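Here is what each chain is made of, one letter per residue.
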Protein chains: 2
Amino acid sequence: MKLAIDAMSGDLGSAPVVEACKKFAEKHPDVELYVTGKKEELTALESINSIHIVDARDVVLMTDSVLGVRRKKESSMVKALMMARKDEVDGVVSCGSTGAFYTASMLFVKRIEGVEKSCLMATLPTYSGNSTCLMDVGANATNTAEQLQEFAVMGSLYSKLVLNKENPKVALLNIGAEDHKGDEMHQEAYKLLKDNDKINFTGNIEGRELLSGDIDVVVTDGFSGNIALKASEGAAILLMKAMKESLFATLRGKIGALFAKPQLYALKERFDYKSVGGALFMGFEKAIVKAHGGSDAKAVFNAMELVYRMVDLDVVGRMKEGLQ
Amino acid sequence: MKLAIDAMSGDLGSAPVVEACKKFAEKHPDVELYVTGKKEELTALESINSIHIVDARDVVLMTDSVLGVRRKKESSMVKALMMARKDEVDGVVSCGSTGAFYTASMLFVKRIEGVEKSCLMATLPTYSGNSTCLMDVGANATNTAEQLQEFAVMGSLYSKLVLNKENPKVALLNIGAEDHKGDEMHQEAYKLLKDNDKINFTGNIEGRELLSGDIDVVVTDGFSGNIALKASEGAAILLMKAMKESLFATLRGKIGALFAKPQLYALKERFDYKSVGGALFMGFEKAIVKAHGGSDAKAVFNAMELVYRMVDLDVVGRMKEGLQ
């Protein structure tokens, strides 16, 4: 197996990626890693047999315009994706800007034949602790019912293969539980999903149940999905922030917080969107994982493990079959 | 001023409505209240001069189908709305099912001339404590850019007149901050809102900032608005629930919770969607307020105060002018 790792585009620079690559190479000496970035920052990896350093003099910045990535051919991000394009690697990991990385993936990496639209998939932290996959979370501003059906098949296969769900429950994000709810596209998507025997469709789900953990794969158009993801994320973050401020506003609250610290900390971790990793790019010929911009070594390592698992389990190949 | 109050459709039956009407009549002896419901349940109101009991033998149940309301002409809900239709009252309050009450309002109450679509407006509890109005939250499954512009003008006027905001900040809910973000409809809505000098348009807002309290009026299509409202509501509810369970899982956590109780309770109240009241129906010739289904006497009273304020300030009349 061969993986390309973009070492430069994260908020914390190359240091956490270098550390993660070392650890990964120890665990998986059989996997060849192509690490793209400024070679002078990657000297610590030089002596490792399974690691190849690919010098890249440019960096895609978080502040760069999304389309600007087209002109950054010498960047660590584009060089990593170009290796995927040329079939030199099986998967790619980057901590760079989601918009730029996704745009570059669309430009340089082939879609699975027959897939109309690629998309972004997020894994949500939930109340029950079960992982809920939500897709599309914003790659597309509009989608057709057929595209939602593709998302459902891909998400279901991912949930089965990578998350070991036996018969993943699939639901459609909608504005009501009844089958006639929503606009024409969502009504049509409901019908297609209901009649598709490759998935275990359980009906519509409303925004309120999104974080319950009852459903394994929630399918949505990119516009609603982006709003749903960010609205729940925003509510969770602001509530935790308000709780902290509120507790520290009184002496009694402070004492309470001191006692409850381990529980409150665990809760924060549990609903932390960062801990879940980043987004997955679905529908491409290669496994592409976008780690969080602020990823530390552990988070980068987890993203590498995920892309390893996707390649090892041949998720892309299985999706090709599943979509036929 | 004359108001119709549906006494029967809430989860708690007529008792809280009777109590609220008594209190309201004491505070506003000049307002004539038409209370619709089973007269034998409303005897406590008989002796009050400003209260008229309108006997209604039927009740719209929470479990009734939304369209079933058409056949419930003898219900307390429809009788209250029919008085609005016949210009016998200036405003209506109900604690009944949102779907049925909204459908009945569309069937029986005139829209403001020139308003293409009526909508549902929710007031969100926010981090800063400022009230953010979000509309449409689900009356419509699709909307046009022109309709979003109408919502913005109505919401802005409401915020100015009822919530006393001097120059309410209006934003468009979208999947990115830049003006070209979103589908065609949202791009077009951005342009219309930017060029409209009746409102103080500040640009796009993402789901993550919805509960920050920075914006006074957030405009959205009914589909995304419903998803956004319910996703944030769901996240807040599940996080509070998880916190409670997590604290009570250990002795240390329990002690902490005991000390922090007042602060945690205040936080729960602050983010409680119920405490905000219900939804407002915008775009009708009458002031229509939907109190929460589980409203107690205080919540019903607050809803009555809100409809009183809307009539007193002639919000509907001012909207008519504003929309010209």
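Residues numbered from 1 in each chain as written. Chains lettered and ligands numbered in written order. Predicted model: local features only at pLDDT ≥ 70, side-chain atom pairs only at ≥ 80, totals over all residues. Heavy atoms only, no water.

- As named in an unreviewed UniProt entry, chain A is Phosphate acyltransferase, taken from Catenibacterium mitsuokai.
- The annotation that UniProt attaches to chain A under Subcellular location (unreviewed entry) is "Cytoplasm". (UniProt positions renumbered as here; feature names shortened; annotations may be inferred.)

### Focus on the nonpolar core
One broad rule of soluble globular proteins: the nonpolar side chains tend to lie buried together.
Then, number 1: One finds L81, V92 and M243 of chain A together with V92 and M243 of chain B to be the most contacted residues of the largest nonpolar core, which totals 107 residues.
Then, number 2: Beyond its immediate sequence surroundings of up to four residues, M243 of chain B is in contact with M243, L264 and L267 of chain A together with L264 of chain B. (Core = buried A, V, L, I, M, F, W, Y, C linked by side-chain atoms within 4.5 Å. Buried < 20%, exposed > 50% of the residue type's maximum accessible area, 1.4 Å probe, protein only. Contact = heavy atoms within 4.5 Å.)

### Section: empty space enclosed by the protein
All names here are of chain B.
Then, number 1: Across all of its chains, the model carries three cavities of 30 Å³ or more by this definition.
Then, number 2: The space that makes up the largest cavity amounts to roughly 40 Å³.
Then, number 3: Every residue lining the largest cavity is listed: I112, F281, M282, G283, F284, K286, A287, M310, V315, V316 and M319.
Then, number 4: Among the elements of the structure, β10 (279-282) and α9 (315-323) are those that each provide at least two residues to the lining of the largest cavity.
Then, number 5: With three residues, the top contributor of residues to the lining of the largest cavity is α9.
Then, number 6: Partitioning the lining of the largest cavity into residue classes produces nine nonpolar, one polar and one charged. (1 Å grid on protein atoms, 1.4 Å probe; cavity = no way out; pocket = protein on both sides within 12 Å on 5 of 7 lines; lining within 4 Å. Points joined across faces, edges and corners; volume = space filled by probe spheres on them. Helix = DSSP H or I, 4+ residues; strand = E, 2+ residues; numbered from the N terminus. Nonpolar A, V, L, I, M, F, W, Y, C, P; charged D, E, K, R; others polar.)

### Here we look at the relation of the copies chain A and chain B
Then, number 1: Of the two same-sequence chains, chain A is brought onto chain B (RMSD 0.0 Å, axial shift 0.0 Å) by a rotation of 180 degrees. The superposition operator between the copies reduces to a two-fold rotation axis. Within chain A, the C-alpha atom positioned nearest to the axis of rotation is that of G256 of chain A, 1.9 Å from it.
Then, number 2: The fraction of interface residues of chain A whose copies in chain B are also interface residues reaches 100%, indicating that both copies meet through the same surface. (Least-squares fit on C-alpha atoms with pLDDT ≥ 70 in both.)

### Some thoughts on the interface of chain A and chain B
Then, number 1: Contacts between the two partners involve 52 residues from chain A and, on the opposite side, 52 residues from chain B.
Then, number 2: Carbon and sulfur atoms make up 72% of the area that chain A and chain B hide from each other, which totals about 4700 Å².
Then, number 3: Between the two partners, chain A and chain B, sit four salt bridges.
Then, number 4: Seen at the junction of chain A and chain B, the total is 14 residue pairs in polar contact (both at pLDDT 80 or more).
Then, number 5: For the side of chain A that touches chain B, the elements supplying multiple residues, two or more each, are α6 (222-247) and α7 (251-270) of chain A. (Buried area = accessible area lost by both parts, 1.4 Å probe. Salt bridge = Lys/Arg side-chain N within 4 Å of Asp/Glu carboxyl O. Polar contact = N/O pair within 3.5 Å; in protein donor to acceptor, adjacent residues only side chain to side chain.)

### A word on the pattern of salt bridges
Then, number 1: Applying the stated rule across the entire model yields 22 salt bridges over all chains.
Then, number 2: For D64 of chain B, the salt bridge goes to K72 of chain B, with nearest N and O atoms at 2.8 Å.
Then, number 3: Look at D64 of chain B and you get partly exposed, because its relative accessible area is 22%.
Then, number 4: For K165 of chain B, the salt bridge goes to D216 of chain B, with nearest N and O atoms at 2.9 Å. Taken together, the positions of K165 of chain B in the loop between α4 (145-161) and β7 (169-173) and D216 of chain B in the loop between β8 (200-205) and β9 (217-219) put the pair 51 residues apart, joining distant regions of the chain.
Then, number 5: Given a relative accessible area of 15%, K165 of chain B falls into the buried group.
Then, number 6: We classify D216 of chain B as buried; its relative accessible area is 9%.
Then, number 7: Salt bridges here are not isolated pairs; linked through shared partners, they connect E40, D55 and R57 of chain A.

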